[in-house]
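Survey of secondary and tertiary structure
Residues per chain, in single letters:
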Amino acid sequence: MDLGAGAGAGPKPARGRLGAPSSGMRAPGTPWARFSAWLECVCVVTFDLELGQALELVYPSDFQLTDKEKSSICYLSFPDSHSGCLGDTQFSFRIRQCGGQRRPGHAGEKHGDSGAPASLQREPAHYFGYVYFRQVKDSSVKRGYFQKSLVLLSRLPFVRLFQALLGLVAPEFFDKLAPCLEAVCNEIDQWPAPAPGRTLSLPVMGVVLQVHIPSRADTPEPGPPEPSGHETLLPAPVVLPSVHELDLFRCFRPVLAHVQLLWELMLLGEPLLVLAPSPAVSSEMVLALTSCLQPLKFCCDYRPYFTIHDSEFKEFTTRTQAPPNVVLGVTNPFFIKTLQHWPHILRVGEPKTSGDLPKQVKLKKPSRLKTLDTKPGPCSSSPPGTQRQALGAGRGGQWGWHSQRGCPHPQSRARGPLPSPGLYTAYTAHLHRDKALFRRLLKVPLGVGCSPWEGDPGLALWLSPGNSQGLQKKRPSDVQTAVLRRHLLELTQSFIIPLEHYMASLMPLQKGIVPWKTPPQIRPFRQDDFLHNLERSGPQLTCVLKGDWLGLYRRFFKSPHFDGWYRQRRREMAQKLEALHLEAICEANIELWMKDKSEVEVVDLILKLRERLVRAQGHQLPVKEATLKRARLYIDTAIGSLPKDLQAVLCPP
């Protein structure tokens, strides 16, 4: 089997029928149109003793990847040496598309995206990589280990679906290799398109996956998909409760006490480094964090798994400018030193032993950061007045950091290479923590969590990762996740609803939209006006949480999420305004209007109506079919009123 070039030198083009060199973009109308509605391509990455990670196969073979993209896929498809992953591991990554012409969009893609929730639309400038990595002892291999990854490359953020698909395909592929992969890709090429709102049955390898593709019209928690006629067939379908939702409770269990603070950091688009022991933990935590804001679209960059070999490494680690608005998931301890200047660092999973940290990593003490740790220590009984500054023991001193609470120097207690699990930040939450949530999720005794100040040491003890007594063991994990997801959804909705109401007030009144005049403009968003009205129409009407909502909105206005939300809403309002204007024209008497109009004015109307028809037919305007029919009739009527020579120009044979 021919292998690609070493990762250090850049992968060679893949060989063979499945992995022929990527000779160009996929031509429209090829047999892979349905396949491409789900996946861009499938890659196989192997480890060669002399070359390192190498791209072995790309399928379909005509999909075009740049050399930089191939290199990124090779590096990100393998856990780094600090992870020590044996057996089978699943994780995901996200890479930036690197220039170059790509195949045209598939028919229906734009229409499909228009019906999908903003957070689940296709990524136009990034690829998601879903990885199934196997590393097992193999005496027949010179290095002693079999190491190979199967990677699904897609623009869809359907992590749950593609993980399930890999769980079916990868074990079979590692046994049978190329023939199995080709058969699976041909099956995927028969799948129906992922149209929002539909429940689909997707056959693959003798199994039927039944999934519901989320739609904007869905209720927040639609539940498992309804049977779609396959319940009487054999084999019975495997019903996936969601194509994208992770087990939030399992992901956030180590830092449950800080979920609300993490929600604020995500809302404000703050830079956050997630340090985890493996790519699986890293990628799940990053995806869980970015899903906290649903239904609000996460507009910042995020990398579920990131390595020092990534093409954006220098961009993200530079000290010449402020840290970028990105959530970065890493496993390499080298990032501890490289990104010490980042304002927020989340450590999850068990620390490595002291021998795992490279000796050249010497840590500084950025005293501006404080420690929000879930494990209480000797300083956990500080006075109430200081609890807004830090929660827990300040055990981040093992990282060379210490909390701003007058604790003994942390390095006098322990000298470990990595920080204890917890959140390290100087950020002070704007909102008070909802302790009722923790009582629903955990078996917290009466009196615990009732302290009037934010950091209750008793609650911190019950929330600590090592305290298994605090779990609601009788309640299934999916129920716990539903409780947590509902809390985050209601929190986001309470924050967004006042913004939506104010934005709606900027829309011109429908009675001001008249047929033969330019429609009125959408009024500008004035932040001071919004904040002035917040007291009587703010989130306190739908949310019981107290705190500095005003300050949170002020910071939100400076974040990429506000810019993304505002641009999207203004675009939708402009389209609605244009649709209302078109409806007003179609309800007017065009023959009466044309009586005293010049030929130039009539031609101008024809061209504008045609332009709007094209946009409406491309699903860019929310217009009813009856309006479109009437617009076509008006165009024909207007053309018929013109001289023959102009008719020939406007309607060539």
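The structure reproduced in this document is the subject of the present report. (Residues numbered from 1 in each chain as written. Predicted model: local features only at pLDDT ≥ 70, side-chain atom pairs only at ≥ 80, totals over all residues. Heavy atoms only, no water.)

1. What to know about the overall build of the chain
Tallying secondary structure elements over the chain gives 21 helices and 14 strands in all. Considering the chain as a whole, with its 653 residues, one finds that 53% of them fall into the buried category. Summed over its atoms, the accessible surface of the chain is roughly 29,400 Å², and 54% of this surface lies on carbon and sulfur atoms. (Helix = DSSP H or I, 4+ residues; strand = E, 2+ residues; numbered from the N terminus. Buried < 20%, exposed > 50% of the residue type's maximum accessible area, 1.4 Å probe, protein only. Areas by Shrake-Rupley, 256 points an atom, 1.4 Å probe, with all protein chains shown as cover.)

2. Considering the sheet that holds strand β8 (residues 238–239)
Taken together, 3 strands build an open sheet; the order of strands is β6-β7-β8 and the sheet is mixed. In this open sheet, the two strands that pair with only one neighbour each are β6 (199–204) and β8. Pairing analysis gives 6 bridges linking β6 to strand β7 (residues 207–212), with the strands arranged antiparallel. Opposite Thr199, over in β7, you have His212 as the bridge partner. (Pairing = 2+ DSSP bridges.)

3. Some points on the nonpolar core
It is characteristic of soluble globular proteins that their nonpolar side chains tend to be buried jointly. Trp38, Phe252 and Phe525 are the most contacted members of the largest nonpolar core, which totals 110 residues. Membership of the second largest hydrophobic core comes to 24 residues, among which are Ile585, Ile590, Tyr634 and Ile639. (Core = buried A, V, L, I, M, F, W, Y, C linked by side-chain atoms within 4.5 Å.)

4. A closer look at the packing of helix α7 (residues 259–267) against helix α13 (residues 477–505)
Where α7 contacts α13, the axes come no closer than 12 Å and their chain directions differ by 45°. Taken together, the axes of α7 and α13 are oblique relative to one another. Helix-helix and strand crossings are classified by hand; for α7 and α13 the assignment is right-handed. Between α7, through Val259, Gln260, Trp263 and Leu267, and α13, the contact on the second element is made entirely by Leu484, His487, Leu488, Leu491, Thr492 and Phe495. In terms of residue class, the contact of α7 with α13 is made up of 7 nonpolar, 3 polar and no charged. (Axes fitted to C-alpha atoms, helices over the stretch in contact; angles between N-to-C directions. Parallel < 35°, antiparallel > 145°, perpendicular 65-115°, else oblique. Left-handed = near helix turned anticlockwise from the far one by under 90°. Contact = heavy atoms within 4.5 Å. Nonpolar A, V, L, I, M, F, W, Y, C, P; charged D, E, K, R; others polar.)

5. A few points about the environment of Val211
Within the fold, Val211 resides in strand β7. Look at Val211 and you get buried, because its relative accessible area is 0%.

6. With respect to the pattern of salt bridges
Summed over the entire model, instances satisfying the criterion amount to 24 salt bridges. With its nearest N and O atoms 2.7 Å apart, the salt bridge here joins Glu56 to Lys148. Of this pair, Glu56 sits in strand β2 (residues 52–59) while Lys148 sits in strand β5 (residues 145–154), placing them 92 residues apart in sequence. Note on accessibility: Glu56 and Lys148 belong to one class, buried. In this structure, Arg96 and Glu315 form a salt bridge, with 3.2 Å as the shortest nitrogen-oxygen distance. You can see Arg96 sitting in strand β3 (residues 87–96) and its partner Glu315 sitting in helix α9 (residues 313–317), a full 219 residues away along the chain. (Salt bridge = Lys/Arg side-chain N within 4 Å of Asp/Glu carboxyl O.)

7. Remarks on the sheet that holds β5
Strands sit in the order β2-β1-β5-β4-β3 across an open sheet of 5 strands; the sheet is antiparallel. Only two strands of the sheet have a single neighbouring strand rather than two, namely β2 and β3. Recorded for the sheet is a direction-independent mean angle of 25° between the axes of neighbouring strands. Inspection of the sheet shows strand β1 (residues 41–48) paired to β2 by 7 bridges, in the antiparallel sense. Counterpart to Asp48 in the pairing with β2 is Gly52.

8. Details of the state of the cysteines
All chains considered together, the criterion is met by 0 disulfides. Free of any disulfide, Cys292 has its nearest neighbouring cysteine sulfur in Cys251, separated by 9.8 Å. (Disulfide = S-S within 2.5 Å.)

9. As for the environment of Phe298
Inspection of the secondary structure assignment puts Phe298 in the loop between α8 (279–290) and β10 (301–303). As for Phe298 and Pro560, which are separated by 262 residues in sequence, their C-alpha atoms are 8.9 Å apart. Apart from residues lying up to four places away in sequence, Phe298 is in contact with Met266, Thr290, Leu293, Val327 and His561.

10. Here we look at the side chain of Ser92
The topology assignment puts Ser92 in strand β3. Using a relative accessible area of 3% as the deciding quantity, one classes Ser92 as buried. Excluding its chain neighbours within four sequence positions, the residues that come into contact with Ser92 are Gly129, Tyr130, Ser283, Leu287, Pro304 and Tyr305.

11. Re the packing of α13 against helix α17 (residues 560–587)
Two numbers describe a pair of packed helices, the interaxial angle and the distance between the axes. Interaxial distance between α13 and α17 falls to 12 Å at its minimum, and their mutual angle equals 40°. Seen along the crossing, α13 lies across α17 with a hand that is right-handed. Together, Ile496, Leu499, Glu500 and Met503 of α13 and Trp565, Tyr566, Arg569, Arg570 and Met573 of α17 make up the contact between the two elements. Looking at the contact of α13 with α17 residue by residue, the class counts come to 6 nonpolar, no polar and 3 charged.

12. Looking at the packing of aromatic side chains
Summed over all chains, the structure comprises 33 aromatic pairs. Residues Trp32 and Tyr59 carry aromatic rings whose centres are separated by 5.4 Å and whose planes lie at 80° to one another, so their mutual orientation is edge-to-face. Within this pair, whereas Trp32 is found in the segment before α1 (33–36), its partner Tyr59 is found in strand β2, the two being separated by 27 residues in sequence. With respect to class, Trp32 is no different from Tyr59; both count as buried. Between Phe91 and Tyr305, the ring centres sit 5.4 Å apart and the planes meet at 75°, which makes this aromatic pair edge-to-face. (Phe/Tyr/Trp six-rings, centres within 6.5 Å; stacked < 30°, edge-to-face > 60°.)

13. Describing the environment of Trp565
As for its placement among the helices and strands, Trp565 is situated in helix α17. The spacing of Trp565 and Ile496 is 69 residues in sequence and 9.7 Å in space, taken between C-alpha atoms. Apart from residues no more than four positions distant in its own chain, Trp565 is found in contact with Leu296, Ile496, Leu499, Glu500, Met503 and Phe525. A distance of 3.2 Å separates a polar atom in the side chain of Trp565 from a polar atom in the side chain of Glu500. (Polar contact = N/O pair within 3.5 Å; in protein donor to acceptor, adjacent residues only side chain to side chain.)

14. With respect to helix α2 (residues 67–76)
Most of α2 sits inside the fold, with 8 of its 10 residues counted as buried. Residues Glu69, Lys70, Ser71, Ser72, Ile73, Cys74, Tyr75 and Leu76 constitute the buried set of α2.

15. Here's the deal with unusual backbone geometry
The peptide bond linking Tyr59 to Pro60 adopts the cis configuration, its omega dihedral lying at -5°. Note on placement: Pro60 falls in the loop between β2 and α2. In this structure, Pro295 follows Gln294 across a cis peptide bond, with omega equal to 15°. For Met205, which is not glycine, the phi dihedral falls at a positive 55°. Following the sequence through the fold, Met205 ends up in the loop between β6 and β7. Looking at Met205, the relative accessible area reads 29%, which means it is partly exposed.

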